[in-house]
Amino acid sequence: MTKRIILPLQNAAELKAGEEVLLCGELIGARDQAHQRMLALLNSGRELPFSLAGAVIYYVGPAPTPPGKVIGSAGPTTAGRMDVFTPALLDAGLKGMVGKGNRSLEVVEAMRRNVAVYFYASGGCGALYAQCIKRAEPIAFTDLGPEAVFRLVVEDFPVIVAIDSQGRSVFA
Amino acid sequence: MISSEVVYQEVYKAVQAMNVSLPVDVAGRLKAAQQQAEGPAQAVLGQINENLLIAAREGIPFCQDTGMVWVHVSLGEEVQIRGLKETISRAVADAYREGYFRSSVVEDPLRERKNTGTNLPAVFHFDIVPGRTLEIYILAKGFGSENCSRVFMLKPTQGREAVIDSVCAVMKEARGVPCPPVVLGVGIGGTFDYAALLSKRALTRALDHPHPCPYYAQLESDLLEAVNALGIGPGGLGGGCTALAVKVESFSTHIAGLPVAVTVNCWADRRAKVLLSEI
């Protein structure tokens, strides 16, 4: 049986690269422009409109929500575009990220420093992941449309530990 | 005269369908790949195939990045039609809004990057050909993969091997980012820009249709073998299935050059075509 991980993430150090796990609890959905704004806030010494302590960010920009559904198609986007913003967020308490594709050396180093993990979600599988999202609400930067920050409550959200807190990686 | 209402209906249907279910040849190759894979590659392909079933059942797009729409129109010079570009654009906007597809297009690439909210404009290319038919080829191009696309201006004497090396170099740089197993469109010849256009046109051909010229059909199969030997695998997690297909289009070029363009497409190889004739 696949291991369930309850969020916020408490046991990042125990996760090993290559493990398949199911995430349950709260993810923060955010991508390019939201990251740029988060970094601008942190750099100017201001507080973020949500807490990063123990948080796991899901790199996602969902499709519009059809009637009667919780969310539209919502698969992972390319993590590498967030690399320049990520070390500062990790230093501010972020414990995990969910996305697709590899990360930069700087991000891996910041993950080791802060004991954080990067999960791989299957790229393009927007319909599959939408089914695991039980609640979704925009919580910040709503002017950005699909690029706003979302609070996502997920159940059995299937991911692979891609880079663990010791810097071990599953990428070929 | 081909009625713009017919063009609207056909493009609307094609654009709605392409984001919810894959062409049968692509779906077939993904299923076959899962059966041959092992380890993480099998897990990733299993999720992709399960995702396709869910999308079809729920009537939602299989990927949230429903792409920027690319349109190539091949217009017979005997065809009479009014407002073709506007009609196609209206069909795209309506299909995206009514299908709950994501609008992923920003108005200006540098200033403000405000989402247009309609997924317009689409990118258009027009070609005038003899005859009485109207052919509309459509791609919904995701940008996780598009960002990995490249153009190389090779030396004219470098030849076939350098083309293969260039295509492999693109995937070595891209690794798992463009959602492998990918479909690659390769344009060889022409000018800098025309090679890029050829690489997109290559993606409009069905995977089961090799290039009609045996030399280029062989190149397609050698390219596929070379890319799959890189070991990048589904999602970049390793394995022998890095590409589902490589499609090549070529054109005459200058004595001093050998342009090679590679468009990288994700496994969500969304393509559609609409063929209409003057009655």
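The rules we used
Residues numbered from 1 in each chain as written. Chains lettered and ligands numbered in written order. Predicted model: local features only at pLDDT ≥ 70, side-chain atom pairs only at ≥ 80, totals over all residues. Heavy atoms only, no water. Pairing = 2+ DSSP bridges. Helix = DSSP H or I, 4+ residues; strand = E, 2+ residues; numbered from the N terminus. Axes fitted to C-alpha atoms, helices over the stretch in contact; angles between N-to-C directions. Contact = heavy atoms within 4.5 Å. Salt bridge = Lys/Arg side-chain N within 4 Å of Asp/Glu carboxyl O. Buried < 20%, exposed > 50% of the residue type's maximum accessible area, 1.4 Å probe, protein only. Buried area = accessible area lost by both parts, 1.4 Å probe. Polar contact = N/O pair within 3.5 Å; in protein donor to acceptor, adjacent residues only side chain to side chain. Nonpolar A, V, L, I, M, F, W, Y, C, P; charged D, E, K, R; others polar. Phe/Tyr/Trp six-rings, centres within 6.5 Å; stacked < 30°, edge-to-face > 60°. Lys NZ or Arg CZ within 6 Å of the ring centre and 35° of its normal. Core = buried A, V, L, I, M, F, W, Y, C linked by side-chain atoms within 4.5 Å. Domains from an automatic or database assignment. Right-handed = clockwise from strand over helix to strand, strands pointing away.

## So, the sheet that holds strand β5 (residues 182-190) of chain B
All names here are of chain B.
Here is step 1 of the chain: The four strands are arranged β4-β7-β5-β6 in an open sheet whose pairing can be described as mixed. The sheet terminates laterally at β4 (150-154) and β6 (243-253), the two strands that pair on one side only. Sheet twist, expressed as the mean angle between neighbouring strand axes with direction ignored, is 15 degrees.
Here is step 2 of the chain: Taken together, the six bridges between β5 and strand β7 (residues 258-265) define a ladder with antiparallel strand orientation. What sits directly across from Leu-184, in β7, is Val-264.
Here is step 3 of the chain: The strands that helix α8 (residues 214-228) touches are β5 and β6; relative to β6, the one it contacts most, it runs at about 135 degrees.

## Some details on the pattern of salt bridges
All names here are of chain B.
Here is step 1 of the chain: Under the criterion given, the structure shown has 29 salt bridges over all chains.
Here is step 2 of the chain: In this structure, the salt-bridge partner of Asp-222 is Arg-160, at a minimum N-O distance of 2.8 Å. Of this pair, Asp-222 sits in helix α8 while Arg-160 sits in helix α6 (residues 159-174), and the two are 62 residues apart along the sequence.
Here is step 3 of the chain: We classify Asp-222 as partly exposed; its relative accessible area is 22%.

## Quick word on the interface of chain B and chain A
Here is step 1 of the chain: Opposite the 34 residues of chain B that make contact, chain A presents 35 residues.
Here is step 2 of the chain: Summing the contributions of chain B and of chain A, the shared interface buries around 2700 Å²; its carbon and sulfur component is 59%.
Here is step 3 of the chain: Where chain B touches chain A, the interface holds one salt bridge.
Here is step 4 of the chain: With a shortest N-O distance of 2.8 Å, Glu58(B) and Lys69(A) are connected by a salt bridge.
Here is step 5 of the chain: At the junction of chain B with chain A, the criterion picks out 15 residue pairs in polar contact (both at pLDDT 80 or more).
Here is step 6 of the chain: Counting residues per element, the side of chain B that touches chain A draws most heavily on helix α3 (residues 39-58) of chain B, which supplies ten residues.
Here is step 7 of the chain: Of the residues contributing to the side of chain B that touches chain A, the split by class is 16 nonpolar, twelve polar and six charged.

## Describing the packing of aromatic side chains
Here is step 1 of the chain: One pass over the structure, following the stated rule, counts ten aromatic pairs over all chains.
Here is step 2 of the chain: Each member of the aromatic cluster is reached from another via a ring pair, and the members are Tyr58(A), Tyr129(A) and Phe157(A).
Here is step 3 of the chain: Positioned above the aromatic ring of Tyr118(A) is the side chain of Arg103(A), whose terminal nitrogen or guanidinium carbon lies 4.9 Å from the ring centre.
Here is step 4 of the chain: The cationic tip of Arg160(B) hangs over the ring face of Tyr215(B); the distance from NZ or CZ to the ring centre is 5.8 Å.

## Details of the sheet that holds strand β3 (residues 133-141) of chain B
All names here are of chain B.
Here is step 1 of the chain: Sheet architecture is open: four strands sit in the order β2-β1-β3-β8, paired in mixed fashion. Both edges of this open sheet fall to β2 (123-129) and β8 (271-277), since each of them pairs with a single strand only. Within this sheet the neighbouring strands show an average axis-to-axis angle of 15 degrees, counted without direction.
Here is step 2 of the chain: When β3 meets β8, the two strands line up antiparallel, connected through seven bridges. When the bridges of β8 are listed, Ile-136 appears paired with Val-274.
Here is step 3 of the chain: Sheet contacts for helix α7 (residues 192-202): β1 (68-76), β2 and β3; angle to β1, the most-contacted strand, approximately 90 degrees.

## Overview of the nonpolar core
Here is step 1 of the chain: Counting residues in hydrophobic clusters, the biggest one holds 93 residues, and the most contacted among them are Leu23(A), Leu27(A), Val98(A), Phe119(A), Phe157(A) and Trp267(B).
Here is step 2 of the chain: Per-domain counts for this core show at least three residues from each of domain 1 (4-142 + 271-277) and domain 2 (143-265) of chain B.
Here is step 3 of the chain: Apart from the residues lying within four places of it in its own chain, the contact partners of Phe119(A) are Leu9(A), Leu15(A), Val21(A), Leu23(A), Val56(A), Met97(A), Val98(A), Gly99(A), Val159(A), Ile160(A), Val161(A) and Ala162(A).
Here is step 4 of the chain: Judged by nonpolar contacts, the second largest core, of 32 residues, contains Tyr8(B), Val15(B), Ile136(B) and Ala272(B).

## Focus on the pairing of strand β4 (residues 96-99) of chain A
It is a general feature of regular strands that their side chains alternate between the two faces of the sheet.
Residue and element names in this part refer to chain A.
Here is step 1 of the chain: With burial as the criterion, each face of β4 is covered, one bearing Gly-96 and Val-98 and the other bearing Met-97 and Gly-99.
Here is step 2 of the chain: The parallel pair strand β3 (residues 56-58) and β4, bridged by helix α2 (residues 86-91), forms a crossover whose chirality is right-handed.
Here is step 3 of the chain: The sheet contact formed by β4 and strand β5 (residues 117-120) spans four bridges and is parallel. Counterpart to Gly-99 in the pairing with β5 is Tyr-120.

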